[in-house]
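One-letter residues, chain by chain:
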Amino acid sequence: MTRARIIGIGAAAPKRILTNKDLEKIVETSDEWIVQRSGVRERHIAEEGEATSDFAVKAAQQALERANLVPEDVDFIVLGTTSADMVFPTTANLVQHRLGCRRVGSVDVFAACSGSVYSLSIGSQFIQTGKYRRVLCIGAETLSKITDFTDRGTCVLLADAAGAAILEASDDGSGIIDTDLYSDGQYWDLLYMPGGGSRHPATHETVDARMHYAKMKGSEVFKVAVRMFVDCAERILARNGFTTADVSLFIPHQANLRIIEAAAKRVGMPMERVFTNVDRYGNTGAASVYVALEEAVSTGRVKKGDLLLLAAFGGGFTWGSALIRW
Ligand code: UT7
């Protein structure tokens, strides 16, 4: 059976690092509060003028190099983001040109922080059907550009980065075994950005009302997120005949260390088999699972034959998982 296999993975982040101490000077918060409630110690934040595609291109270049490929080898691009360079054209479209790809199809996936597993799942379908030989999947964000740095509930969490994976067909049993995607729009107002769309087009009033920033009901998101993580992790394992004991490494969306710990505990996964880098990256939305996977692979935490469980959740609500035999 043909599976889509990751043959190259890359990541990139802005050079500038914002620590919790730096944030203490911006909003009423403390390093102690942020670490205790979220596990975040520092995060990468883009400079003025830097945009999402800048980091997406860097991550994609690294993934291509590691796969020993050139941009002309890419047959399709799917990019998850919530902080696109512009409303349109898509960021995937900008990446296609800036990378130097052929005139291949490209599309953005707006699934908030689940854009990682959504883009990976969409990419893998094109490989499995034989439609395309190589698909470039990307998760990229500059969430700092839609973050209200007067809102301490969000600005201590959201951050910037990009990750990319090149998919190719594999017949040796390795690759993406299954993916599982969900959404439930009843939760839309737990995490959203009201301004700039067709409901509230940009006006002086929407700017004055700070409607062009992400709004979040943090503690409500927390509760729903843990339920969704647990639900989709258990479901994808069960329907493929596995249990958590079979999982070599769980790589969850890096939203908050407490959410990750609570979900891991409920599914019975010891933290030694859970990958986290939220302490150094914060919540990088659709990029986070790619960035975590890249770090896990490049630091030797992932070995050939390992079973990886990826899971993400985000605004919408959207959530989903992927099971990979490395
Ligand atoms: O990709 C999905 C994105 N979103 C998430 O994953 C977010 C999920 N939620 C969370 O991570 C947590 O809910 C937060 C980290 C946002 C907040 O932690 P919490 O333990 O749920 O705190 P809370 O919202 O219940 O607030 C507790 C207190 C409040 O003060 P009062 O009302 O008790 O006086 C907040 O005003 O903490 C206050 N607070 C802060 N204090 C210091 C909220 N943010 C801060 C802050 N520094 N940055």
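This is a predicted model, so every value here is computed, not measured.

Focus on helix H8 (residues 218-239)
Then comes step 1: Taking 1.5 Å of rise per residue, the 22 residues of H8 would be expected to cover 32 Å, and the 31 Å separating its terminal C-alpha atoms lies within 8% of that figure.
Then comes step 2: Along H8, the residues classified as buried are Val-221, Phe-222, Val-224, Ala-225, Val-226, Met-228, Phe-229, Val-230, Cys-232, Ala-233, Ile-236 and Leu-237.
Then comes step 3: Just past H8, the residue Gly-241 takes up positive phi, approximately 75 degrees.

Here we look at helix H9 (residues 257-267)
Then comes step 1: Among the residues of H9, Ile-259, Ile-260, Ala-263, Ala-264 and Val-267 are the ones counted as buried. Angularly, the buried residues of H9 cover 125 degrees about the axis, an arc narrow enough to put them on a single face. Across H9 from its buried face, at more than 90 degrees, point the exposed residues Lys-265 and Arg-266.
Then comes step 2: In this structure, the buried side of H9 is in contact with H8, strand E11 (249-252) and strand E12 (307-314).
Then comes step 3: The opening residue of H9 is Asn-256, an N-cap whose side-chain oxygen sits 2.6 Å from the backbone nitrogen of Arg-258.
Then comes step 4: Remark: Gly-268 follows H9 within two positions and exhibits a positive phi of approximately 80 degrees.

Examining the packing of aromatic side chains
Aromatic ring pairs are reported here in terms of the distance separating the ring centres and the angle at which the planes meet.
Then comes step 1: This model, assessed by the stated rule, comprises 9 aromatic pairs.
Then comes step 2: Judged by centre distance (5.2 Å) and plane angle (10 degrees), the rings of Phe-76 and Tyr-132 are stacked. Note that Phe-76 is positioned in strand E4 (residues 76-80) and Tyr-132 in the loop between helix H5 (115-128) and strand E6 (134-142), a separation of 56 residues in sequence.
Then comes step 3: Residue class for Tyr-132 comes out partly exposed when judged on its relative accessible area of 22%.

Details of the sheet that holds E6
Then comes step 1: Taken in spatial order, the 5 strands line up as E1-E7-E6-E4-E5 in an open sheet, and their pairing is mixed. The outermost strands of the open sheet, each flanked by one partner alone, are strand E1 (3-12) and strand E5 (105-109). Strand-to-strand twist in this sheet, taken as the mean axis angle between neighbours without regard to direction, amounts to 20 degrees.
Then comes step 2: Packing against the sheet, H5 makes contact with E1, E4, E5, E6 and strand E7 (160-170), and its axis sits at approximately 170 degrees to E6.

Overview of the environment of Lys-223
Then comes step 1: Its place among the elements puts Lys-223 in helix H8.
Then comes step 2: Since its relative accessible area comes to 55%, Lys-223 is described here as exposed.
Then comes step 3: Separated by 111 residues in sequence, Lys-223 and Ala-112 place their C-alpha atoms 17 Å apart.

Overview of the domain arrangement of the protein chain
Then comes step 1: Partitioning the protein chain into domains gives domain 1 (4-173) and domain 2 (177-325).
Then comes step 2: Between the C-alpha centres of domain 1 and domain 2 there is a distance of 14 Å.
Then comes step 3: With 54 residues of domain 1 at the interface, the matching set in domain 2 holds 45 residues.
Then comes step 4: Across the domain 1 to domain 2 interface the summed buried area is about 3500 Å²; carbon plus sulfur atoms make up 63%.
Then comes step 5: Inspection of the domain 1/domain 2 interface yields 2 salt bridges.

Conventions adopted
Residues numbered from 1 in each chain as written. Predicted model: local features only at pLDDT ≥ 70, side-chain atom pairs only at ≥ 80, totals over all residues. Heavy atoms only, no water. Helix = DSSP H or I, 4+ residues; strand = E, 2+ residues; numbered from the N terminus. Expected span 1.5 Å × (residues − 1). Buried < 20%, exposed > 50% of the residue type's maximum accessible area, 1.4 Å probe, protein only. Arc of directions from axis to C-beta. Contact = heavy atoms within 4.5 Å. Polar contact = N/O pair within 3.5 Å; in protein donor to acceptor, adjacent residues only side chain to side chain. Phe/Tyr/Trp six-rings, centres within 6.5 Å; stacked < 30°, edge-to-face > 60°. Pairing = 2+ DSSP bridges. Axes fitted to C-alpha atoms, helices over the stretch in contact; angles between N-to-C directions. Domains from an automatic or database assignment. Buried area = accessible area lost by both parts, 1.4 Å probe. Salt bridge = Lys/Arg side-chain N within 4 Å of Asp/Glu carboxyl O.

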